[in-house]
Amino acid sequence: RTGQPHRWEEHSDYPAGRKVGRVSITPVFGADGRCTDLVGTVHDISDVINREDKLQQAHRALEQAFATQKQLAESLRREEERLMLALNGTGEGVWDWRMDENAVTFSDKWKDIMGASGDIDGAAPTLWTSRIHPDDNPHVRRCIARYLAGEENLYTCEYRIRRFTGDWIRVRSRGSVVERSPAGQPRRMIGTITDITETDRMRQALAESHERLAQLAQQVPGALFELVRNADGSLGCPFTSGKAHTP
């Protein structure tokens, strides 16, 4: 009869490398109950152990990679939050266009400028672009195309857009690509919009005022000019009538 087998792994170092053998010894007993023989086997399991070691190393490396990715994602999220807070403090609304996903997210300030309510994050860009004034749409497309073609260092464009409340405002939009694919294709673009409606009105009013002044100057005998002292103390002449240039 035989007894219970005993098993263990034997590790041995050789010039060619370490070998691992799985040893099994089974005792054989005679009729009188004494052990008469030992029957044993040794199987070389070095390759199996090596594969298991490599698999464990791969698992550890994968876990470390996931942990690193999670830390980087968390760091990126905190940086984006700080950026959003900083830009919101400047009065600019932030848009984040994930071009590979065809989705845009917006900061609270952007929604406030546009009079938007509810959850519109993750919407297609048409939620935004469809509100651009039809007369300005070609100009906006050209601005984006020039920037993506590398003709401009920064995307900058002014245009009219209809708010969610129905009224029209004029905005200045700026942005840049912050992420590209290995092939160099743009994946993500972040930018801002600023409501310049009042500034544009003042600019138009100033231009109209200069035009009226120029027309008035043509009716006054002699030359008219405006003399101002600049911040550095020098004198400047921002306006002169046409007659001032007549010999």
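Scope of this entry: the structure provided in the associated data block.

## Quick notes on helix H4 (residues 137-148)
In this model H4 runs 17 Å from its N-terminal to its C-terminal C-alpha over 12 residues, within 8% of the 16 Å that 1.5 Å per residue would give. Buried within H4 are the following residues: Val140, Cys143 and Tyr147. Down the axis of H4, the buried set is contained in an arc of 60°. They therefore lie on one face. Lining the buried residues of H4 we find strand E6 (155-162), strand E7 (168-180) and strand E8 (186-195). Backbone geometry just downstream of H4 places Gly150 in the positive-phi region, at approximately 85°.

## So, the sheet that holds strand E2 (residues 17-29)
Taken in spatial order, the three strands of this open sheet run E1-E2-E3, and their pairing is antiparallel. Taken across any chain shown, the strands that pair with only one partner, and hence form the sheet edges, are strand E1 (6-14) and strand E3 (35-44). Going across the sheet, the axis of each strand differs from the next one's by a mean of 30°, ignoring polarity. Looking at chain direction, E2 and E3 are connected through nine bridges and run antiparallel. When the bridges of E3 are listed, Ile25 appears paired with Gly40.

## Quick look at the layout of surface pockets
The space that makes up the largest pocket amounts to roughly 190 Å³. As for the largest pocket, its lining consists of 13 residues, of which Trp97, Pro125, Trp128, Thr129 and Ile144 are closest to the centre. Of all the secondary structure elements, the ones that give two or more residues to the lining of the largest pocket are strand E4 (93-98), helix H3 (126-129), H4 and E6. Considering every element that reaches the lining of the largest pocket, the biggest residue donor is H3, with three residues. Residues that form the lining of the largest pocket fall into these classes: 10 nonpolar, three polar and no charged.

## Quick word on the packing of aromatic side chains
By convention here, two paired aromatic rings are described through the distance between centres and the angle between planes. Within this structure, the stated rule accounts for five aromatic pairs. Look at Phe106 and Trp110: their rings are 3.9 Å apart centre to centre, the planes differ by 25°, and that puts the pair in the stacked class. Of the two residues, Phe106 and Trp110, both sit in the buried class. Ring geometry for Trp110 and Trp128: centres 6.1 Å apart, planes at 75°, overall edge-to-face. On the criterion of sequence distance, the pair formed by Trp110 in helix H2 (residues 108-114) and Trp128 in helix H3 is long-range, its members being 18 residues apart. One aromatic cluster is present, formed by Trp95, Phe106, Trp110, Trp128 and Tyr155 through successive ring pairs. Of note, Arg131 hangs over the ring of Phe164, and the distance from its end group to the ring centre comes to 3.8 Å.

## Quick look at the sheet that holds E8
Read from one edge to the other, the open sheet built from five strands follows the order E5-E4-E8-E7-E6, with strand pairing classed as antiparallel. Strands at the two margins of the open sheet, each flanked by one partner only, are strand E5 (103-106) and E6. Each neighbouring strand pair of the sheet contributes to a mean axis angle of 25°, computed without reference to strand direction. Sheet topology note: the E7/E8 ladder contains nine bridges and is antiparallel. For Arg180, the partnering residue across the bridge sits in E8 and is Pro186.

## Observations regarding unusual backbone geometry
You will see that Asn102, though not glycine, has its phi angle at about 55°, which is positive. Within the secondary structure, Asn102 sits in the loop between E4 and E5. Take Asn102: its relative accessible area is 45%, and that puts it in the partly exposed class.

Criteria and thresholds
- Residues numbered from 1 in each chain as written.
- Predicted model: local features only at pLDDT ≥ 70, side-chain atom pairs only at ≥ 80, totals over all residues.
- Heavy atoms only, no water.
- Helix = DSSP H or I, 4+ residues; strand = E, 2+ residues; numbered from the N terminus.
- Expected span 1.5 Å × (residues − 1).
- Buried < 20%, exposed > 50% of the residue type's maximum accessible area, 1.4 Å probe, protein only.
- Arc of directions from axis to C-beta.
- Contact = heavy atoms within 4.5 Å.
- Pairing = 2+ DSSP bridges.
- Axes fitted to C-alpha atoms, helices over the stretch in contact; angles between N-to-C directions.
- 1 Å grid on protein atoms, 1.4 Å probe; cavity = no way out; pocket = protein on both sides within 12 Å on 5 of 7 lines; lining within 4 Å.
- Points joined across faces, edges and corners; volume = space filled by probe spheres on them.
- Nonpolar A, V, L, I, M, F, W, Y, C, P; charged D, E, K, R; others polar.
- Phe/Tyr/Trp six-rings, centres within 6.5 Å; stacked < 30°, edge-to-face > 60°.
- Lys NZ or Arg CZ within 6 Å of the ring centre and 35° of its normal.

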